[in-house]
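Okay, here's what each chain looks like letter by letter:
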Amino acid sequence: MKVSFPYMGSAIVYKKLFEFLEHEVIMPPKPTQRTMDLGVKYSPEFACIPLKMVMGTYLEAIEKGAKVLVTSGGHGPCRAGFYGDTHRNILKSLGYDDVELIIFDAPQDNWRAFFRNVQKIRNGVPWHKVINRMYTLYRFVQKLDELEKMVQKIRPYEINKGQTTQVWNQIQEKFDKIKTRKELYRVYEECKQMLLSIPTRKVEEKDRIRVGIVGEIYVVMESSINFGIEEILGNLGVEVERSLYLFEWINDNLVPWILRPKRFKEIIKKGQRYIKILIGGHAVETVGHIIDFKERGFDGIVHLMPFACLPELVTQSLIPKISKEVDIPILSLPIDEQTGKANMLTRIEAFIDLLKNRKKGKTKEVFIDNVQEHVEEERVVMV
Ligand code: SF4
């Protein structure tokens with residue numbers, strides 16, 4: 001089967017999954033302005049940005065020959081649960097009757113449907129091979145995430161600008177070629193050394209700025225839609241950590257509740273201090289992670305939300321209260337097709353100035369709405 005999938009984050013993981021199941025993989029291109037334009041053109045205007053971008057990705061994958069598109073579903077009171085059917089209807093209306101869309105909903109929602117889908121994509125590969133290869137893939141995701149976390153900690157202190165990103169690109173290319181578990185562990189060690197040998201400047205612990213990135217999964221994970229925020233922050237000398245990594249997402253979502261990591265349950269509990277019921281998307285996790293980042297000594301939070309995302313809109317409305325009570329500055333950045341990079345950059349730079357000033361004890365301010373004003377004032381004074 002000529003299989004493709006939505007592009008989100010380290011897409012080589014999904015590619016590897018279908019290679020292990022012996023499919024012909026049609027790698028979707030990394031989303032660009034064209035992807036966005038296609039998605040916007042054929043999606044309902046009121047839809048949130050992930051639906052539009054994924055729509056554009058599907059159309060580009062079909063252009064490259066994809067006949068089967070595999071995606072995850074959604075549940076809870078946000079729109080993600082309707083995405084699959086919406087995409088399917090749009091594809092039909094465009095005449096792609098021969099393209100099949102396979103939607104994986106959470107197994108606990110409907111075990112039968114889940115296994116029917118597994119049977120479809122298993123592609124006749126014997127079960128013992130499937131299990132063995134899925135375990136390799138599980139470790140593949142874990143190792144790739146570990147390396148990405150290293151990248152986020154090294155980039156702010158690199159001496160040669162851009163070197164960490166260059167090495168990270170090479171790492172992904174190396175991982176793309178991995179075929180066996182043995183190879184995985186060897187390549188992982190090699191890549192770790194590549195990262196450790198990047199020359200960095202020494203920065204005292206007390207001078208380091210750490211920012212947590214939280215929000216809806218697509219905008220948090222996909223750099224093409226968030227303007228590469230991790231790189232932007234890294235280049236400003238800021239260490240970052242996301243609330244979502246693929247390995248943790250697998251453990252938190254695909255494992256039965258009883259077996260889920262303790263850390264995940266703690267995050268949910270922390271989030272429920274402000275949002276008592278599950279309202280879909282990642283709202284409760286977003287709040288839980290904000291509190292968790294603060295407890296772990298982070299200096300600030302960047303909250304990414306797709307424009308018109310209902311769960312994250314609830315989070316955003318709670319942010320002034322959380323920010324004040326927990327005493328941590330939070331910058332909320334709504335993202336949609338109109339978002340301009342220059343405006344976003346200005347806000348991020350102002351935010352980092354605020355964090356630096358707090359670190360030096362020059363201000364206790366946490367209100368982000370005032371950041372621009374403060375920076376403006378500072379500039380006037382300097383003039
Ligand atoms: S979480 Fe937000 S962006 Fe994602 S589907 Fe739900 S409403 Fe849309």
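See above for the structure.
As a starting point, this report considers the structure included with it. (Residues numbered from 1 in each chain as written. Predicted model: local features only at pLDDT ≥ 70, side-chain atom pairs only at ≥ 80, totals over all residues. Heavy atoms only, no water.)

Comments concerning the overall build of the chain
Okay, so step 1: Within the chain, the regular secondary structure consists of 16 helices and 8 strands.
Okay, so step 2: Over its C-alpha atoms the chain spans a radius of gyration of 21 Å, differing by no more than 12% from the 21 Å that the globule rule assigns to 383 residues.
Okay, so step 3: Its C-alpha atoms put the chain at 70 × 45 × 45 Å along the principal axes.
Okay, so step 4: For the chain, the share of sequence-separated contacts (at least 6 apart) that also reach a separation of at least 24 residues comes to 70%.
Okay, so step 5: A total of about 18,700 Å² of accessible surface is found on the chain, and carbon and sulfur atoms cover 56% of it.
Okay, so step 6: In the chain, 58 side chains carry a positive charge and 51 a negative one; their mean positions are 5 Å apart. (Helix = DSSP H or I, 4+ residues; strand = E, 2+ residues; numbered from the N terminus. Rg over C-alpha atoms; globule rule 2.2 N^0.38 Å. Contact = heavy atoms within 4.5 Å. Areas by Shrake-Rupley, 256 points an atom, 1.4 Å probe, with all protein chains shown as cover. Lys, Arg positive; Asp, Glu negative; His and termini not counted. Charge placed at Lys NZ, Arg CZ, Asp CG, Glu CD.)

Considering the packing of aromatic side chains
Okay, so step 1: If you walk through the whole model with that rule in mind, you get 9 aromatic pairs.
Okay, so step 2: With centroids separated by 4.9 Å and ring planes inclined at 50°, the aromatic side chains of Tyr138 and Phe247 adopt a geometry described as tilted. You can see Tyr138 sitting in helix 6 (residues 127-154) and its partner Phe247 sitting in helix 11 (residues 246-253), a full 109 residues away along the chain.
Okay, so step 3: By relative accessible area, Tyr138 is classed as partly exposed at 25%.
Okay, so step 4: Judged by its relative accessible area of 13%, Phe247 is buried.
Okay, so step 5: Joined through ring pairs, the aromatic side chains of Phe104, Trp111, Phe114 and Phe115 make up one cluster.
Okay, so step 6: A cation over a ring is seen here: Arg208 above Tyr157, with NZ or CZ 4.5 Å from the ring centre. (Phe/Tyr/Trp six-rings, centres within 6.5 Å; stacked < 30°, edge-to-face > 60°. Buried < 20%, exposed > 50% of the residue type's maximum accessible area, 1.4 Å probe, protein only. Lys NZ or Arg CZ within 6 Å of the ring centre and 35° of its normal.)

Concerning helix 11
Okay, so step 1: Those residues of helix 11 that sit buried are Leu246, Phe247, Ile250, Asn251 and Asp252.
Okay, so step 2: Packed against the buried residues of helix 11 are helix 1 (12-20), helix 6, helix 9 (217-221) and helix 12 (262-271).

Looking at the packing of helix 7 (residues 163-176) against helix 8 (residues 181-196)
Okay, so step 1: Interhelical geometry of helix 7 versus helix 8 gives an angle of 170° and a closest axis separation of 10 Å. What the angle tells us is that helix 7 and helix 8 run roughly antiparallel. Contacts between helix 7 and helix 8 involve Thr164, Val167, Gln170, Ile171, Lys174 and Phe175 from the first element and Leu184, Val187, Tyr188, Glu190, Cys191, Met194 and Leu195 from the second.
Okay, so step 2: Grouping the amino acids of the contact of helix 7 with helix 8 by side-chain chemistry returns 9 nonpolar, 2 polar and 2 charged. (Axes fitted to C-alpha atoms, helices over the stretch in contact; angles between N-to-C directions. Parallel < 35°, antiparallel > 145°, perpendicular 65-115°, else oblique. Nonpolar A, V, L, I, M, F, W, Y, C, P; charged D, E, K, R; others polar.)

Digging into the environment of Gly56
Okay, so step 1: On the secondary structure map, Gly56 appears in helix 3 (residues 49-63).
Okay, so step 2: Beyond its immediate stretch of four places on either side in the chain, Gly56 contacts Thr35, Leu38 and Gly39.

So, the pattern of salt bridges
Okay, so step 1: Applying the stated rule across the entire model yields 30 salt bridges.
Okay, so step 2: One salt bridge connects Lys174 with Glu190, and the closest N-O pair in it is separated by 2.8 Å. With Lys174 in helix 7 and Glu190 in helix 8, the pair connects residues that are 16 residues apart, well separated along the chain.
Okay, so step 3: Shared partners join several salt bridges into a network, and the residues in it are Glu241, Lys270, Asp292, Glu295 and Arg296. (Salt bridge = Lys/Arg side-chain N within 4 Å of Asp/Glu carboxyl O.)

A closer look at helix 8
Okay, so step 1: Under the 1.5 Å per step criterion, the end-to-end length of helix 8 is 23 Å for 16 residues, consistent within 8% with the ideal 22 Å.
Okay, so step 2: Turning to helix 8, the residues buried within the fold contact helix 6 and helix 7. (Expected span 1.5 Å × (residues − 1).)

Considerations on the nonpolar core
Okay, so step 1: One finds Ile171, Phe175 and Leu233 to be the most contacted residues of the largest nonpolar core, which totals 87 residues.
Okay, so step 2: The element best represented in this core is helix 6, accounting for 9 residues.
Okay, so step 3: Grouped together as the second largest cluster of nonpolar side chains are 20 residues, Ile268, Phe293, Ile301 and Val326 included. (Core = buried A, V, L, I, M, F, W, Y, C linked by side-chain atoms within 4.5 Å.)

Here's the deal with the sheet that holds strand 1 (residues 2-4)
Okay, so step 1: The strand order across the open sheet built from 4 strands is 2-1-3-4, with neighbouring strands paired in parallel fashion. For this open sheet the edge positions go to strand 2 (24-25) and strand 4 (100-104), each flanked by a neighbour on one side alone.
Okay, so step 2: With 2 bridges connecting them, strand 1 and strand 3 (residues 68-72) associate as parallel partners. Residue pairing for strand 3: Ser4 is matched across the bridge by Leu69.
Okay, so step 3: The strands touched by helix 4 (residues 80-93) within the sheet are strand 3 and strand 4, with strand 4 carrying the most contacts at an inclination of about 180°. (Pairing = 2+ DSSP bridges.)

Description of the site of the ligand
Okay, so step 1: In the region of the ligand, the neighbouring residues are Cys48, Pro50, Cys78, Arg79, Ala80, Tyr83, Glu216, Gly281, Pro306, Cys309, Leu310 and Pro311.
Okay, so step 2: Every element with two or more residues in the shell around the ligand is listed here: helix 4 and helix 14 (310-326).
Okay, so step 3: Of the residues in the shell around the ligand, the class split is 9 nonpolar, 1 polar and 2 charged. (Near = heavy atom within 4 Å.)

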